[in-house]
Every structure is written in structure tokens, then in C-alpha cells.
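Listed below are the residues making up each chain.
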Amino acid sequence: MSVPTEGLTLGAVSAIVEKKILTNKIRIYRPGEPVFNPDTGQYEPGPPVTVYEGPGAIFPTSGPSVVLHLAGQAYVDDTPSRYRLLTPLSAPVASREDIVAVVEAEDESAIGRTWRVIDIGETSTLSIVRTTWVDQNTQTRSVK
């Protein structure tokens with residue numbers, strides 16, 4: 001027996017996905033403006049700036065990335081640990097080099113892991129959630 005789909009909008013599907021799949025709390029942040037340290041006479045990284053904190057999910061891709069190497073050089077974003085970050089469409093678009101951290105998750109081993117954004121969030125005319133490609137940085141449990 002088929003289920004009727006009349007009246008099922010992308011917004012309704014997005015709400016279901018957000019409730020059932022985007023169940024972790026993630027934080028996207030980037031380095032803050034450099035701050036001058038008068039004791040050292042050097043500029044030091046400022047405190048991180050949070051871009052987004054809220055529902056999200058991290059999923060590994062189906063396997064390691066496969067990128068053609070030219071003249072023996074790896075592509076700048078070639079990585080064996082490529083993941084997808086899913087966030088609601090209402091979340092801001094992450095920028096390349098932003099950091100993603102898992103703040104809360106059912107799987108405690110995910111909490112504190114971080115990823116580097118390797119490309120801005122994908123978009124399409126048929127989006128339910130935002131997909132952003134990320135590369136795993138660490139497997140430590142500390143969250144900034």
C-alpha cells in the first residue's frame with residue numbers, strides 16, 4: 001500500500017530530518033582577530049568566534065576520497081578522512097577552514113572531535129538540509 005504524498009512539502013521533510021537525524025549539537029567556529037600581546041611584542045590568535053551552535057550531524061562518506069594526483073603532488077584537500085556535516089538550512093554557511101566540533105552526542109566518543117571545513121556548504125534547488133564537506137582533525141575529547 002502506498003502512502004499519499006500530496007501536501008508533503010520540502011519544509012515538512014526538513015522538519016522530520018532535523019528532528020530525527022540532526023540530533024547532535026555541533027559548534028562551528030573560526031579563529032578570532034589577532035590580538036597584540038605587549039609582553040611579547042607579537043600578535044597572537046584571538047579567541048575563537050562561534051559561527052553556529054545547534055543541531056547537526058556528522059557522517060563519514062562511503063570511503064576514502066579518490067583524487068587524481070598530478071606530477072606526484074596531492075590535491076590540497078585530498079584526505080582519507082572525509083566526512084559530511086549536515087545542518088539545518090537556517091544555519092549559516094560555514095567557510096573554508098572553519099572548525100566543526102561535536103558538543104553533545106548520543107555516542108560519547110564523538111564529543112570533542114573536530115573537523116576542518118574543506119569547502120563551503122553545498123546548495124541546490126532541492127535542499128532539505130545543508131551539506132558541508134569536512135576533514136577530521138582530531139580524535140581528542142577537548143572542545144574549545
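Residues numbered from 1 in each chain as written. Predicted model: local features only at pLDDT ≥ 70, side-chain atom pairs only at ≥ 80, totals over all residues. Heavy atoms only, no water.

### Here we look at unusual backbone geometry
Peptide bonds are trans in most cases, and residues, glycine excluded, mostly fall at negative phi. Heads up, the condition is: Segments assigned H or I by DSSP are reported as helices when at least four residues long, segments assigned E as strands when at least two residues long, and all are numbered from the N terminus. The buried label applies to any residue whose accessible area, calculated with a 1.4 Å probe on protein chains only, is under 20% of its type's maximum; exposed applies above 50%, and partly exposed to all values in between.
A positive phi angle is found at glutamate 97, which is not glycine, with a value near 80 degrees. As for its position among the elements, glutamate 97 is in the loop between β3 (82-87) and β4 (99-104). A relative accessible area of 42% means that glutamate 97 is categorised as partly exposed.

### Quick look at the nonpolar core
Generally speaking, nonpolar side chains in soluble globular proteins are found buried as a group. Filter applied, for reference: Side-chain atoms within 4.5 Å link the members of a nonpolar core, which is a set of buried Ala, Val, Leu, Ile, Met, Phe, Trp, Tyr and Cys residues. Should any heavy atoms of two residues lie within 4.5 Å, those residues are counted as being in contact.
Ranked by internal contacts, the top residues of the largest apolar core, which has 15 residues, are Ile58, Val100 and Val134. Sorting the residues of this core by element identifies β1 (24-37), β2 (42-60), β3, β4 and β5 (114-117) as the ones contributing at least two each. If sequence neighbours within four positions are ignored, valine 100 has contacts with Ile26, Arg27, Ile28, Ile58, Leu85, Arg113, Thr114, Trp115, Val117 and Val134. Counting 5 residues, the second largest nonpolar core, distinct from the first, contains Leu22, Ala57, Leu86 and Val129.

### Considering the pattern of salt bridges
Under the convention used in this document: Any Lys or Arg side-chain nitrogen found within 4 Å of a carboxyl oxygen on Asp or Glu counts as a salt bridge.
A full pass over the atoms with the stated rule returns 6 salt bridges. Between glutamate 53 and arginine 27 there is a salt bridge; the shortest N-O distance is 2.6 Å. With glutamate 53 in strand β2 and arginine 27 in strand β1, the pair connects residues that are 26 residues apart, well separated along the chain. By relative accessible area, which is 13% here, arginine 27 ends up buried. Between aspartate 135 and arginine 116 there is a salt bridge whose closest N-O contact spans 3.5 Å. Of this pair, aspartate 135 sits in strand β6 (residues 130-136) while arginine 116 sits in strand β5, and the two are 19 residues apart along the sequence. Arginine 116 matches aspartate 135 in its accessibility class, with the two residues each being buried. Overlapping salt bridges, with partners in common, bring together Lys25, Arg27 and Glu53 in one network.

### Some points on the sheet that holds β2
Keep this limit in mind: In this scheme, strands are said to pair when DSSP sees at least two bridges between them. Under this scheme, a helix contributes an axis fitted over its contacting stretch, all axes are lines through C-alpha atoms, and angles between N-to-C directions fall in the 0 to 180 degree range.
The strand order around the closed barrel built from 6 strands is β1-β2-β3-β6-β5-β4, with neighbouring strands paired in antiparallel fashion. Along the sheet, successive strands turn relative to each other by an average axial angle of 45 degrees, direction set aside. One ladder, built from 3 bridges, connects β5 with β6; its direction is antiparallel. What sits directly across from tryptophan 115, in β6, is glutamine 136.

By themselves, these figures tell us nothing about what the structure is for.
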